[in-house]
Amino acid sequence: MRIDDLYIILTEADEKLPKEILDNVEWSQTKLTDAHVQHIIAEVAKVTGKSHKEIEDHILQNIRVFDQFKRITPHLHATIALNAIESEAFQMLQEFGVKHPDAPKLDLQTIEKLKVFIGVKYEDFYPLKSSRTHQFLKPTFKWVPSSKESDEAFQDVDTAAATRDGVFIFNKNFCQNLLEFGKIKGIKMKDSYYASQGGPIPDEYGYIEFLIAHEYLHWTQSDWDVPEHYTKLGHEISPMVANWVGDFRSNYRLVKEGLPQLPMGLFSDSINYDRQHSFGQMAKIVQSEFAKLDEVQKDVMEKILGKMADDHEHQGGEDPKKKPKLNRKIIRRAPVDVVYDFPHFKVGGVAPAKDKGLLNNIRGVDPAKIEISGRPFSDGMRVLVAKDPDPKVSMRVYQLNLVNGKIDPKLITDGVNPDGSPAKDELILVKPAPKPAASAAPTPPTSTPGVNP
Ligand SMILES: [Zn+2]
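No experiment lies behind these values; they were computed from the predicted model shown.

## So, the overall build of the protein chain
Looking only at helices and strands, the protein chain features twelve helices and 16 strands. Out of the 453 residues belonging to the protein chain, those deemed buried represent 39%.

Written as structure tokens, this is what we have:
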């Protein structure tokens, strides 16, 4: 019997968290006024033509969900909520391709050097050794997207992942985005191998060190074996809960060791080896938090935490029933054909002039009588309703179908991303449409005070 197993049995009755405050970890806390957040907002404003204020409002609207969950399930969300604004800013950076001209480029030679330094720094990583089976591993790295046929199985990794047999997969675009974000935030590392301490590795790679160490820990801790292990002991831990616990545990350790907290991920001051003695105890806390939620809240929370985590499907711990729902960060997207920008939507003679722009007036109309943002109707075209006076319609994407010779609009998005783009399971990417010459939309500012060019 392992010491872990003993603890879960001995302390079964003790489900309460220790009362003492731990000061072990300095968690990231981000405000809207922080320079790096403001920098990203200014860049997104340039790309989208939206005002600074509109983007700020979207961020604030989007993080409200963390404040709500924080009250119900503090152990899962309180620490994440502290940094929710930064997570939103990072998501916008990814969505709109925000770059910093001086950010280092992802370079595989630099990564090779970094791997050596990581091996020296963490004694469980060189050689890489499983704490459960005591097996040693020579890790294989895969970088995607890749044109190699042998990498086909890993192309869908959007962030990073590890497999049971020791393949570590990293998405190059995601890593580059971390480097851009690190430059914009100005992260500085304390280890001697980083540039600010006179070493060869750019400081922004501190985020990459975090990512590599996080994936190594999934392997050294054999996280995919956990559910089966505990089932044998009579304690049910679902693969989803095991994934979350693994992330909370590893990320706590890495932040405690002084690595820069990633702008996304599962972080909790309540769930870690400083507070609990075993994985099973951590899982109990996650499960009892989860039990406080109703079905709708559970669904929303699965989505939120799934989006924050790295890619666990390749870690073999996925609950098959839930497979499509979890751990997908940025996914398949299809562009929207047309931006319907009120008042460039004209219905010939069917609506009073004052109602011309209303999307609802398009229903049942003969397609020959219609023109949308200067384009004729085509069956199945998708329109982003940019400025409908009805707030329930505005910023949603509709598909305009032809039914019995008449137009039948069908809503295909269910919400709005923090940047204002429509969202339905993140299927739609709205590219900023060229503005019609007659558009009264404000032109984006050419420079923003207080932001580096
Ligand atoms: Zn993970």
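Moving on from the coordinates now.
## Looking at the sheet that holds strand 5 (residues 167–171)
Overall, mixed pairing links the three strands, which are arranged 3-5-4 in an open sheet. With one partner strand each, in any of the chains shown, strand 3 (140–144) and strand 4 (160–162) form the two edges of the open sheet. On average, adjacent strands in this sheet sit at an angle of 15 degrees to one another, irrespective of strand direction. Sheet topology note: the strand 4/strand 5 ladder contains three bridges and is antiparallel. By the bridge assignment, alanine 161 is partnered in strand 5 with isoleucine 169. Helix 7 (residues 172–185) contacts strand 3 and strand 5 of the sheet and is inclined by roughly 60 degrees relative to strand 5. Contacts from helix 8 (residues 206–220) reach strand 4 and strand 5 within the one sheet, and its direction differs from that of strand 4 by about 25 degrees.

## Remarks on the nonpolar core
Side chains of a nonpolar character, in soluble globular proteins, are inclined to be buried together. Counting 73 residues, the largest nonpolar core has Ile40, Val245 and Val286 as the members making the most contacts within it. Apart from the residues lying within four places of it in its own chain, the contact partners of isoleucine 40 are Ala89, Met92, Leu93, Val98 and Ile184. By size, the runner-up hydrophobic cluster in this structure holds nine residues, among which are Leu359, Ile362, Val383 and Tyr398.

## What to know about unusual backbone geometry
A cis geometry characterises the amide bond from tyrosine 126 onward to proline 127, with omega recorded as -5 degrees. Counting through the fold element by element, proline 127 comes out in the loop between helix 6 (108–121) and strand 1 (128–129). Look at the link from valine 144 to proline 145: it is a cis peptide, with omega at -5 degrees. One non-glycine residue, serine 222, adopts positive backbone phi at about 45 degrees.

## Some remarks on the packing of helix 10 (residues 239–256) against helix 11 (residues 279–290)
Helix packing geometry: the angle between the two helix axes and the distance between the axes. Direction vectors running N to C along helix 10 and helix 11 enclose 115 degrees, while the axes themselves pass 9 Å from each other. Considering the angle they form, helix 10 stands roughly perpendicular to helix 11. Crossing angle aside, the handedness with which helix 10 passes helix 11 is right-handed. Contacts between helix 10 and helix 11 involve Val241, Ala242, Trp244, Val245, Phe248 and Arg249 from the first element and Phe279, Met282, Ala283, Val286 and Gln287 from the second. Residue composition of the contact of helix 10 with helix 11, by class: nine nonpolar, one polar and one charged.

## Overview of the packing of helix 5 (residues 84–96) against helix 7
Look at helix 5 against helix 7: their axes get within 10 Å of each other, and the N-to-C directions meet at 125 degrees. Taken together, the axis directions place helix 5 and helix 7 in an arrangement best described as oblique. Of the two elements, helix 5 crosses helix 7, and the hand of that crossing is right-handed. From helix 5, Phe90, Leu93 and Gln94 reach across to helix 7, where they touch Asn177, Glu180 and Phe181. Within the contact of helix 5 with helix 7, the residues separate by chemical class into three nonpolar, two polar and one charged.

## Description of helix 4 (residues 74–82)
Along an α-helix, residues three or four apart share an orientation, since each turn contains 3.6 residues. When we look at burial in helix 4, the residues that qualify are Leu76, His77, Thr79, Ile80 and Ala81. In this structure, the buried side of helix 4 is in contact with helix 3 (52–72), helix 5, helix 11 and helix 12 (295–308).

## So, the pairing of strand 5
Of all five residues making up strand 5, four are buried, and the element is well covered by its neighbours. Of the pairings in the sheet, the one linking strand 3 to strand 5 comprises five bridges and is parallel in character. Bridge pairing links tryptophan 143 to phenylalanine 170 in strand 5. Connecting strand 4 to the next strand, strand 5, in antiparallel fashion are four residues, including glycine 166 with a positive phi near 90 degrees.

## Focus on helix 7
Its 14 residues give helix 7 an end-to-end C-alpha distance of 20 Å, which sits within 8% of 20 Å, the value for a rise of 1.5 Å per residue. Counting buried residues along helix 7, eleven of its 14 residues qualify, which places the element largely inside the surrounding structure. For helix 7, the set of buried residues is Phe174, Cys175, Asn177, Leu178, Leu179, Glu180, Phe181, Gly182, Lys183, Ile184 and Lys185. Residues of helix 7 that are buried in the fold lie against helix 2 (35–48), helix 5, strand 5 and helix 8. Looking one or two residues past helix 7, glycine 186 carries a phi angle of roughly 75 degrees, positive in sign.

## Considerations on the environment of proline 263
Within the element layout of this structure, proline 263 appears in the loop between helix 10 and helix 11. Expressed as a C-alpha distance, the spacing of proline 263 and glutamate 86, which sit 177 residues apart in the sequence, is 5.9 Å. Those residues within four positions of proline 263 in sequence are excluded, and the remaining contacts are Glu86, Ser87, Phe90 and Phe181.

## With respect to the confidence of the model for the protein chain
This prediction gives the protein chain a mean pLDDT of 77; 72% of its residues lie at or above 70. Per-element averaging of pLDDT across the protein chain places strand 16 (residues 428–429) at the bottom with 35 and helix 7 at the top with 97. Confidence drops under a pLDDT of 50 for residues 1–19, and excluding neighbours within four residues, the segment shows 18 contacts in the predicted structure. Per-residue pLDDT stays below 50 along residues 424–453; that stretch engages in 41 contacts with residues further than four places along the chain or on separate chains.

## Remarks on the environment of isoleucine 169
Considering the arrangement of structural elements, one finds isoleucine 169 in strand 5. Exposure remark for isoleucine 169: the 25 C-beta atoms within 10 Å place this residue in the buried category.

Rules behind the numbers
- Residues numbered from 1 in each chain as written.
- Predicted model: local features only at pLDDT ≥ 70, side-chain atom pairs only at ≥ 80, totals over all residues.
- Helix = DSSP H or I, 4+ residues; strand = E, 2+ residues; numbered from the N terminus.
- Buried ≥ 20, exposed ≤ 12 C-beta atoms within 10 Å, placed from the backbone.
- Pairing = 2+ DSSP bridges.
- Axes fitted to C-alpha atoms, helices over the stretch in contact; angles between N-to-C directions.
- Contact = placed C-beta atoms within 7 Å.
- Core = buried A, V, L, I, M, F, W, Y, C linked by C-beta atoms within 7 Å.
- Parallel < 35°, antiparallel > 145°, perpendicular 65-115°, else oblique.
- Left-handed = near helix turned anticlockwise from the far one by under 90°.
- Nonpolar A, V, L, I, M, F, W, Y, C, P; charged D, E, K, R; others polar.
- Expected span 1.5 Å × (residues − 1).
- pLDDT = per-residue confidence, 0-100.

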